[in-house]
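Architecture at a glance
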Amino acid sequence: MHVYNSVSASSDADYVAALCDRVEKGLDEGLLPVEVFNDERVFRTEMDRIFTRTWVFLGHESEIPNSGDFMLRKMGLDQVIVTRNGKNEINVLLNHCRHRGTEVCHQDRGNATHFKCPYHGWIYKNDGDFVGAPDMREAYGGRLDAKEWGLLKAPKVESLWGFIFASLNEDVPTLRDYLGGAAWMLDCIFGLHPEGMVALAPPERFIVRADWKSGAENFCGDAYHVGTTHYSATLSGLIPGDVRETGPNAQGYMFDGGHSFIGHQLYDWFGPPFGLWGYPPEVQSGFDLSRFDAQQLEMIKKVPPTIGTIFPNFSYLRFPQPARPGEFPMAFTNIRMWQPYAPGQMELWVWEFDYKFSPQRHKDDSYLAGQFGFGAGGIFEQDDTAVWEGIAKAAASPWNRRNGTKLHYQQIRPDPDPDWQGPGQHFNSIYGEYCQESFWRRWLIDMRAGA
């Protein structure tokens, strides 16, 4: 068995190394080997080289506001317990007992000072430390070391505007350093009020037969699909306006590290009421814009970031949309995590957020608007997931594999905006697939780093 695993691991490594070479060569030519979207060896390598080595989004502090609160989340394939202990510290614990390995927590969320394994009764504090076990003197001759036999704990946990990220890599840069210029952008998105945002409900979760990278790549820079994929929303009259205008009114913001955003010219497109994403006057009046520099102010008033991806699998969406058919559009904030599930499959986690200070009516309508468009049954969500499933099928196609099929990434790339004064690069057109290319080149770096 040991020999088999070694040979298998070596074979996987050789296959992935060769695939990465083909991906790099393909990107230089505006092409991408289709099998990256559904391959068991690629998936295993991603779990090892990406999701155990970089910062992974887990949830928001508003979901565990009190001492003892906890929630179950995922880091790659690992289920973790995110807890707030008595010192107001947030811990991320692997949900496996150190005795025989079974899960110690089976509730999605709750409040507890301790977790007790249902197999042999080992008990842990909510910071992960081992407390005790039945018949310790008889079974073990005394107490076991609380630190040595505690639950495994993520060595790095940080928050930005309440959004919790963790990493298993001791040497990972700080979260802000990892985000680089994208942190400047997230400040604009989540920092309009010093109290920040709150999750309006627990996340929805549903399985999609599509690769996690299809969602992450789409949200990082693809406005080109909207006029086709989502045109039924216009034909049905469920939303005002023509979705085919989305691409021509979109611009791009690209940062180092594979992080990028789409911005829309909401002010020029829809008029002055849609400055600052279309928040109503009573909400805008509560915003504190004094912390922003001149470039940030111009951006959020004219071409605010409406969609984006933080590598690897955290994405954001804020756009004016009706809470109910026929109503005036309003801004909502939707956060999603493209959770890897299996080769060619993901579990999609979706949250709705609003600013903590917002009136309750606005929170309620914001939640409905987000669900109307991008909940599990949302009019746009159903469109996206349906077409992404086709990509996973193409990636598994024996014909495509035999043919060595590569996907087309050859749109004409625009020049960067020479007047841009912010970090990263700004492009006055979203066409060009530069954000998608940046995502894949970051993916290449991580896939090769742990070889």
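Keep in mind that this is a model prediction, so the values were computed, not measured. All residue numbers refer to position in the chain's written sequence, counted from 1. Local features in this predicted model are restricted to residues of pLDDT 70 or higher, and side-chain atom pairs are both shown and tallied only at a pLDDT of 80 or more, whereas totals for entire chains, interfaces and linings draw on every residue. Think of the side-chain values as coming from all heavy atoms in the structure, minus any hydrogens and water.

Salt bridge, as used here: a side-chain nitrogen of Lys or Arg that lies within 4 Å of a carboxyl oxygen of Asp or Glu. According to the stated counting rule, one finds 24 salt bridges in the structure shown. As a salt-bridge pair, Asp 39 and Arg 401 come within 3.3 Å of each other at their nearest N and O atoms. Of this pair, Asp 39 sits in the loop between strand 1 (31-33) and helix 2 (40-49) while Arg 401 is found in helix 14 (residues 398-403), placing the two residues 362 residues apart along the sequence. A salt bridge links Lys 213 to Asp 211, with the nearest nitrogen and oxygen atoms 2.8 Å apart. Of the two residues, Lys 213 and Asp 211, neither departs from the other in class, the shared state being buried. Secondary structure elements are defined from DSSP: runs of H or I of at least 4 residues count as helices, runs of E of at least 2 residues count as strands, and each element is numbered from the N terminus. Burial classes: relative accessible area under 20% of the type maximum marks a residue as buried, over 50% as exposed, and values in between as partly exposed (1.4 Å probe, protein chains only).

The buried fraction of strand 4 (residues 78-84) is high, at five of seven residues. Across six bridges, the pairing between strand 3 (residues 69-75) and strand 4 is antiparallel. Considered in strand 4, the bridge of Arg 73 is made with Val 80. DSSP bridges decide pairing: two strands pair if at least two such bridges lie between them.

To form a nonpolar core, buried Ala, Val, Leu, Ile, Met, Phe, Trp, Tyr and Cys residues must be joined to one another through side-chain atoms within 4.5 Å. Val 82, Leu 179, Phe 261, Tyr 279, Ile 335, Trp 440 and Trp 443 are the most contacted members of the largest nonpolar core, which totals 116 residues. It is helix 5 (residues 181-190) that provides the largest number of residues to this core, a total of eight residues. Any two residues whose heavy atoms approach within 4.5 Å at even a single point are treated as in contact. If sequence neighbours within four positions are ignored, Ile 335 has contacts with Phe 57, Phe 163, Phe 190, Phe 314, Ser 315, Tyr 316, Trp 349, Val 350, Trp 351 and Phe 353. Within the second largest apolar cluster, 16 residues are counted, among which are Ile 81, Cys 97, Cys 117 and Ala 133.

With that settled, consider helix 12 (residues 360-374). The end-to-end C-alpha distance of helix 12, which contains 15 residues, comes to 21 Å, matching closely the 21 Å that a straight helix rising 1.5 Å per residue would cover. Every buried residue of helix 12 is listed here: His 362, Lys 363, Asp 365, Ser 366, Ala 369, Gly 370, Gln 371, Phe 372, Gly 373 and Phe 374. One fewer than the residue count of a helix, multiplied by 1.5 Å, yields its expected span.

Turning next to the sheet that holds strand 2 (residues 56-60). Taken together, three strands build an open sheet; the order of strands is 2-11-10 and the sheet is antiparallel. Unpaired on one side and paired on the other, strand 2 and strand 10 (156-160) mark the two borders of the sheet. When strand polarity is set aside, the average angle formed by the axes of neighbouring strands in this sheet is 30 degrees. Where strand 10 and strand 11 (residues 163-167) come together, five bridges link them in antiparallel fashion. Bridging from a neighbouring strand, Glu 158 pairs with Phe 165 of strand 11. In this description, a line fitted to the C-alpha atoms serves as the axis of each element, helices being fitted only across the stretch in contact, and the angle between N-to-C directions of two axes falls anywhere from 0 to 180 degrees.

As a further point, take the confidence of the model for the protein chain. Every residue gets a pLDDT, meaning the predictor's confidence in that residue, from 0 to 100. Here the protein chain averages 94 in pLDDT, and 98% of its residues register 70 or above. Low pLDDT, under 50, characterises residues 1-7; the predicted model gives this stretch zero contacts beyond four residues in sequence or across chains.

Strand pairing in a sheet relies on backbone hydrogen bonds. The paired strands run either parallel or antiparallel. An order of 5-4-3-6 is seen for the four strands of this open sheet, with the pairing classed as antiparallel. Unpaired on one side and paired on the other, strand 5 (90-94) and strand 6 (109-111) mark the two borders of the sheet. Adjacent strand axes in the sheet meet at a mean angle of 30 degrees, parallel and antiparallel pairs treated alike. Of the strand pairs in this sheet, strand 4 and strand 5 are connected by five bridges, and their pairing is antiparallel. Bridge pairing in strand 5 places Val 80 opposite Leu 94.

Within the fold, Ile 90 resides in strand 5. When its relative accessible area of 16% is taken as the criterion, Ile 90 is described as buried. As a C-alpha pair, Ile 90 and Asp 39 span 51 residues in sequence and 35 Å in three-dimensional space. Beyond its immediate stretch of four places on either side in the chain, Ile 90 contacts Glu 61, Ile 64, Val 82, Thr 83, Arg 84, Val 157, Ser 159 and Ile 164.

Another point: unusual backbone geometry. Across the chain, the bulk of peptide bonds are trans and the bulk of non-glycine residues have phi less than zero. A cis amide bond links Phe 311 with the next residue in sequence, Pro 312, at an omega value of 10 degrees. Considering the arrangement of structural elements, one finds Pro 312 in the loop between strand 16 (305-310) and strand 17 (314-321). Positive phi is not limited to glycine here, since Trp 277 has a value of about 70 degrees. Tracing the backbone shows Trp 277 in the loop between helix 9 (266-270) and helix 10 (281-284). You will see that Glu 433, though not glycine, has its phi angle at about 60 degrees, which is positive.

Okay, the state of the cysteines next. Any two cysteine sulfur atoms within 2.5 Å of one another count as a disulfide. Per the counting criterion, the structure on display carries zero disulfides. Residue Cys 117 stays outside any disulfide, its sulfur separated by 3.8 Å from that of Cys 97, the closest cysteine. In this structure Cys 188 is not part of a disulfide, and its nearest cysteine sulfur, from Cys 435, lies 16 Å away. On the accessibility criterion, Cys 188 (0% relative accessible area) is buried.

Of all five residues that make up strand 2, five are buried, and the element is covered over most of its length. Here four bridges tie strand 2 to strand 11, and the two strands are oriented antiparallel to one another. Bridge pairing links Gly 59 to Ile 164 in strand 11.

With that settled, the discussion passes to the packing of helix 12 against helix 13 (residues 379-396). At a minimum axis separation of 3 Å, helix 12 and helix 13 run at an interaxial angle of 30 degrees. Contact residues: helix 12 offers Phe 372, Gly 373 and Phe 374, while helix 13 offers Ile 379, Phe 380, Glu 381 and Asp 384. Amino acids outside the nonpolar list (Ala, Val, Leu, Ile, Met, Phe, Trp, Tyr, Cys, Pro) and the charged list (Asp, Glu, Lys, Arg) are all regarded as polar, and Gly is one of them. Classifying every residue of the contact of helix 12 with helix 13 by side-chain character gives four nonpolar, one polar and two charged.

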